[in-house]
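Remarks on the overall topology
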Amino acid sequence: MMLVSEKRKVPLLDLPALHQPIRDELLAAVTRVIDSNAFILGEDVKLLEKSIAQYCHVPYAIGCASGSDALLLAMMAAGVEPGDAVLTTPFTFFATAGSIVQAGATPVFVDIDPATYNMDPQALAQTIRRTPRARAIMPVHLYGGCADMDPILEIARDRASVVIEDGAQSIGAEYKGRSAQSIGDIGCISFFPTKNLGGFGDGGMVLTQDEGYARKLAALRVHGAHQKYFHDWVGVNSRLDSLQAAVLRVKLQYLDAETAGRQRNAGRYRKNLAGAGLPIGLPQPASYQTRHIYNQFVIRAPRRGQLKAWLQENGVGSEIYYPLSLHQQVCFRDLGYREGDFPESEKAAREVLALPIHSALTEQDVDYVCQQICAFYA
Ligand SMILES: *Cc1c(COP(=O)(O)O)cnc(C)c1O
């Protein structure tokens, strides 16, 4: 670790640094869409769908308005109905469980594995035994690391449940050599600006290997019409804009470099922090092979609030993803959960802190952040 003596600013996210070098390309893409007069779906969306399908190794990808909508459309395509249960973890972004309620179903929570922050397959096996209408299982690949999919798939097969991957944070991640979002029945991606592949606004995509699902998804996003004004289902209005698709097509070319930068920074954090005798917890490697894409680099920090304030005072951005486990949210009170029901999720919510990890960080930036953490606990 190099000693960085001057104070510096290390923001959690630096979109200008990401966009400045490719500004001309982005402007050319946006201009092309303006001139084309095709603003919704259109050629850019088709081409992006094709590229993302290739990138994630699935035959079908269907663009939509957001990652949240991708989850909703996936459940609608899978036939999730009112009265059904969808099993997921309570330690995730709100949309995971919110979309389940939007689909008319009931979220049934399963605690996380504290090493990966993702669904604990053993807990899933126990919970699903006492869940009568377990129509779907929705594992989340939180922070860009994959959930342990093989045992989850096996449990799903036993119970004839559909597996919908919430891959909002995990584009490019891999599980035992398989692409995230290609492992379950349906996979969902978000292009929210803070994701590794972020647009200039909202956007999302649904991925599947199944032609039937693909056809239904393509209809559901346009009010369930398989052909204009002929409706097989009641769908929603959830389309991807051509402007977003054009921007995302440019940015997709740089996604592997972005991921490599994040992995490099994660390695440097580990090297700096592992042997420093700090009371913090570093991201733990999973017990199975994965390619982690570090949408977030998350430590467990004693006296977290004070550390966050200390970092802020010293110019370093950090964030808590997420401060309250979903089973404790006011809006889910009627699900009947109590404090203590999911101890690992609750513990994570008390301890986690995300550090800057984006590819525009320099080695000095990472060293400076580490230095500030060491100084705080000294
Ligand atoms: C971002 C996110 C979503 C929702 O995506 P939006 O595009 O913001 O609607 C869903 N699940 C997880 C885990 C996310 O991080």
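Residues numbered from 1 in each chain as written. Predicted model: local features only at pLDDT ≥ 70, side-chain atom pairs only at ≥ 80, totals over all residues. Heavy atoms only, no water.

Let us look at the domain arrangement of the protein. Along its sequence, the protein is carved into domain 1 (21–252) and domain 2 (254–377). At the interface, 46 residues of domain 1 touch 35 residues of domain 2. Where domain 1 abuts domain 2, roughly 3500 Å² becomes buried across the two surfaces, and 59% of that area is made up of carbon and sulfur atoms. Considering only the surface of domain 1 that becomes buried against domain 2, Phe109, Tyr143 and Asn196 emerge as the three largest contributors, covering 21% of it. Our count for the contact surface shared by domain 1 and domain 2 stands at zero salt bridges. Scanning the region where domain 1 abuts domain 2 turns up 28 residue pairs in polar contact (both at pLDDT 80 or more). (Domains from an automatic or database assignment. Contact = heavy atoms within 4.5 Å. Buried area = accessible area lost by both parts, 1.4 Å probe. Salt bridge = Lys/Arg side-chain N within 4 Å of Asp/Glu carboxyl O. Polar contact = N/O pair within 3.5 Å; in protein donor to acceptor, adjacent residues only side chain to side chain.)

Within the largest apolar cluster, 38 residues are counted, with the highest numbers of intra-cluster contacts made by Phe91, Tyr117, Tyr269, Leu307 and Ile373. Breaking this core down by element, the ones donating at least two residues are α10 (255–274), β13 (297–300), α11 (304–313), α12 (343–351), β14 (352–355) and α13 (363–377). The greatest single-element share of this core, amounting to seven residues, is contributed by α13. Each of domain 1 (21–252) and domain 2 (254–377) gives at least three residues to this core. Setting aside residues up to four positions removed in sequence, Ile373 forms contacts with Leu273, Leu278, Leu307, Leu311 and Leu355. Core analysis: the next-biggest nonpolar cluster, separate from the first, contains 26 residues, Ile62, Val86, Ala103 and Leu220 among them. (Core = buried A, V, L, I, M, F, W, Y, C linked by side-chain atoms within 4.5 Å. Buried < 20%, exposed > 50% of the residue type's maximum accessible area, 1.4 Å probe, protein only. Helix = DSSP H or I, 4+ residues; strand = E, 2+ residues; numbered from the N terminus.)

To continue, consider the packing of helix α4 (residues 67–77) against helix α5 (residues 94–102). Running from N to C, α4 and α5 cross one another at 40°; their axes reach a closest spacing of 9 Å. The orientation of α4 relative to α5 falls into the category oblique. For α4 against α5, the interelement crossing comes out right-handed. Taking contact as the criterion, the partners of Ser68, Leu71, Leu72 and Met75 in α4 are, on α5, Ala95, Thr96, Ser99, Ile100 and Gln102. Taken together, the residues of the contact of α4 with α5 sort by class into five nonpolar, four polar and no charged. (Axes fitted to C-alpha atoms, helices over the stretch in contact; angles between N-to-C directions. Parallel < 35°, antiparallel > 145°, perpendicular 65-115°, else oblique. Left-handed = near helix turned anticlockwise from the far one by under 90°. Nonpolar A, V, L, I, M, F, W, Y, C, P; charged D, E, K, R; others polar.)

Taken as a whole, this structure holds 14 salt bridges when the rule is applied. Its salt-bridge partner being Glu351, residue Arg300 comes within 2.9 Å of it at the nearest N-O pair. Remark: Glu351 occurs in helix α12 and Arg300 occurs in strand β13; sequence separation between them is 51 residues. Given the relative accessible area of 21%, Glu351 is considered partly exposed. In this structure, Lys347 engages Glu351 in a salt bridge whose closest nitrogen and oxygen atoms are separated by 3.4 Å. Remark: Glu351 and Lys347 occur in helix α12; sequence separation between them is four residues, near one turn of the helix.

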